[in-house]
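# Structure assessment
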Amino acid sequence: MVQVIFLTALLALFPAQIFSQERKAPPLTLKSIEGQTVRLSDYRGKVVLINFWATWCPPCRAEIPDLIKFQKEYGKDGLQIIGVTYPPEERASVRRFTRRLKVNYPIALGTREIKASFSRDETLPLTVIIDREGVIRGTIAGILLPEEFNEQIKPLLQQQKLEGEIKDAQKSN
Amino acid sequence: MLKRVTNFALTSVMVLALGVMTAFATTKTTTIRVTGMNCSHCSSSVAKALKATPGVQEAEVSSEKGEAVITFDDEKVTEAKLREVINGAGFKVAE
């Protein structure tokens, strides 16, 4: 009986946290393949997509041109993509690959543990959506389709843009 | 009177034509051989891309068999388009 009351209270108090994937993103600090430190906390205030991928994964390779396009087009609206390889790969081969494709967002070498801290889903590619407050808003398993970008990521970018405009207006008043 | 008859005849022809078109809109199932699906964790992208294609009703992709079994409405999508979608997901259709 006590258990039922406890669970009911939990559901009433935290329905979103229980039924959705929403939770704070774990801290993440990685070295990029170019030798720079990539800290997730540095991107607070942006909509971050952590894209887990591998050079040997055909769909991962196929979606990279779209990710480059999204970064180019929506970077000014606060989009930041971070590519994390999974499982670990050789830095030199990843660097060769990303330079050839002219990838315009940071790429870091990841581990199984890092991927597991964001999602237990083994699908590749896998994209984790983090909002500007650092909350995981969902994951996209498989290629990120333009429809999914429009439905799940664009609203977060528009929300950010609107709030920025309101802040700017408040400052100028 | 003549106008009424003409209207009735026109409506009948239109209803008949619609019925014939519906009868000819077929659901097809095709099996497409796909190469390079060695990674079981990434082959789900093929099914996802296929299912997101208008006209595709069902898509089952097996990395073990190296094939995609697709049920689709051939009024809305062609087999050539399905092959294009598979190639676009990073894999290659075996000719």
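Check the entry above for the structure.
Rules and cut-offs
Residues numbered from 1 in each chain as written. Chains lettered and ligands numbered in written order. Predicted model: local features only at pLDDT ≥ 70, side-chain atom pairs only at ≥ 80, totals over all residues. Heavy atoms only, no water. Helix = DSSP H or I, 4+ residues; strand = E, 2+ residues; numbered from the N terminus. Buried < 20%, exposed > 50% of the residue type's maximum accessible area, 1.4 Å probe, protein only. Areas by Shrake-Rupley, 256 points an atom, 1.4 Å probe, with all protein chains shown as cover. Disulfide = S-S within 2.5 Å. Pairing = 2+ DSSP bridges. Contact = heavy atoms within 4.5 Å. Axes fitted to C-alpha atoms, helices over the stretch in contact; angles between N-to-C directions. Buried area = accessible area lost by both parts, 1.4 Å probe. Salt bridge = Lys/Arg side-chain N within 4 Å of Asp/Glu carboxyl O. Polar contact = N/O pair within 3.5 Å; in protein donor to acceptor, adjacent residues only side chain to side chain. Nonpolar A, V, L, I, M, F, W, Y, C, P; charged D, E, K, R; others polar.

We now examine the overall build of chain A. Regarding its fold elements, chain A presents six helices and eight strands. Going from the N terminus to the C terminus, chain A shows its helices and strands as α-α-β-β-β-β-α-β-α-β-α-β-β-α. Taken across its 173 residues, chain A has 46% of its residues classed as buried. Total accessible area on chain A is roughly 9,600 Å²; 55% of this is exposed by carbon and sulfur atoms.

Residues and elements named next belong to chain A. What the rule picks out here adds up to one disulfide over all chains. The residue that forms a disulfide with cysteine 57 is cysteine 60, at a sulfur-sulfur distance of 2.2 Å. When the S-S torsion is 80 degrees, as for the bridge of cysteine 57 with cysteine 60, the disulfide is right-handed. Both residues of the pair, cysteine 57 and cysteine 60, belong to the buried class.

Moving on, we come to the sheet that holds strand E2 (residues 56–62) of chain B. Residue and element names in this part refer to chain B. Spatially, E2-E3-E1-E4 is the arrangement adopted by the four strands of the open sheet, whose pairing is antiparallel. The open sheet terminates on both sides in strands that have one partner only, identified here as E2 and strand E4 (92–93). Relative to strand E3 (residues 67–73), E2 is paired through six bridges, and the arrangement is antiparallel. Residue pairing for E3: valine 56 is matched across the bridge by phenylalanine 72. Strands E2 and E3 of the sheet are contacted by helix H2 (residues 44–51), whose axis makes an angle of about 170 degrees with E2. Lying on the sheet, helix H3 (residues 79–88) is in contact with strand E1 (27–35), E2, E3 and E4; it crosses E1 at an angle near 35 degrees.

Looking now at the interface of chain B and chain A. Interfaces are often sized by the accessible area lost when the parts come together. Listed as interface residues are twelve residues of chain B and, on the opposing side, 15 residues of chain A. Counting each side, the surface lost to burial between chain B and chain A is near 970 Å², with a carbon and sulfur contribution of 64%. Area buried by chain B at its contact with chain A is led by His41, Ser45 and Lys48 of chain B, which between them contribute 49% of it. At the surface where chain B touches chain A, the tally comes to one salt bridge. Among the ionic pairs, lysine 48 of chain B bridges to glutamate 148 of chain A, the shortest N-O distance being 2.9 Å. For the pair chain B and chain A, the interface holds five residue pairs in polar contact (both at pLDDT 80 or more). At three residues, H2 of chain B tops the list of elements feeding residues into the side of chain B that touches chain A. Tallied by class, the residues present in the side of chain B that touches chain A amount to five nonpolar, six polar and one charged.

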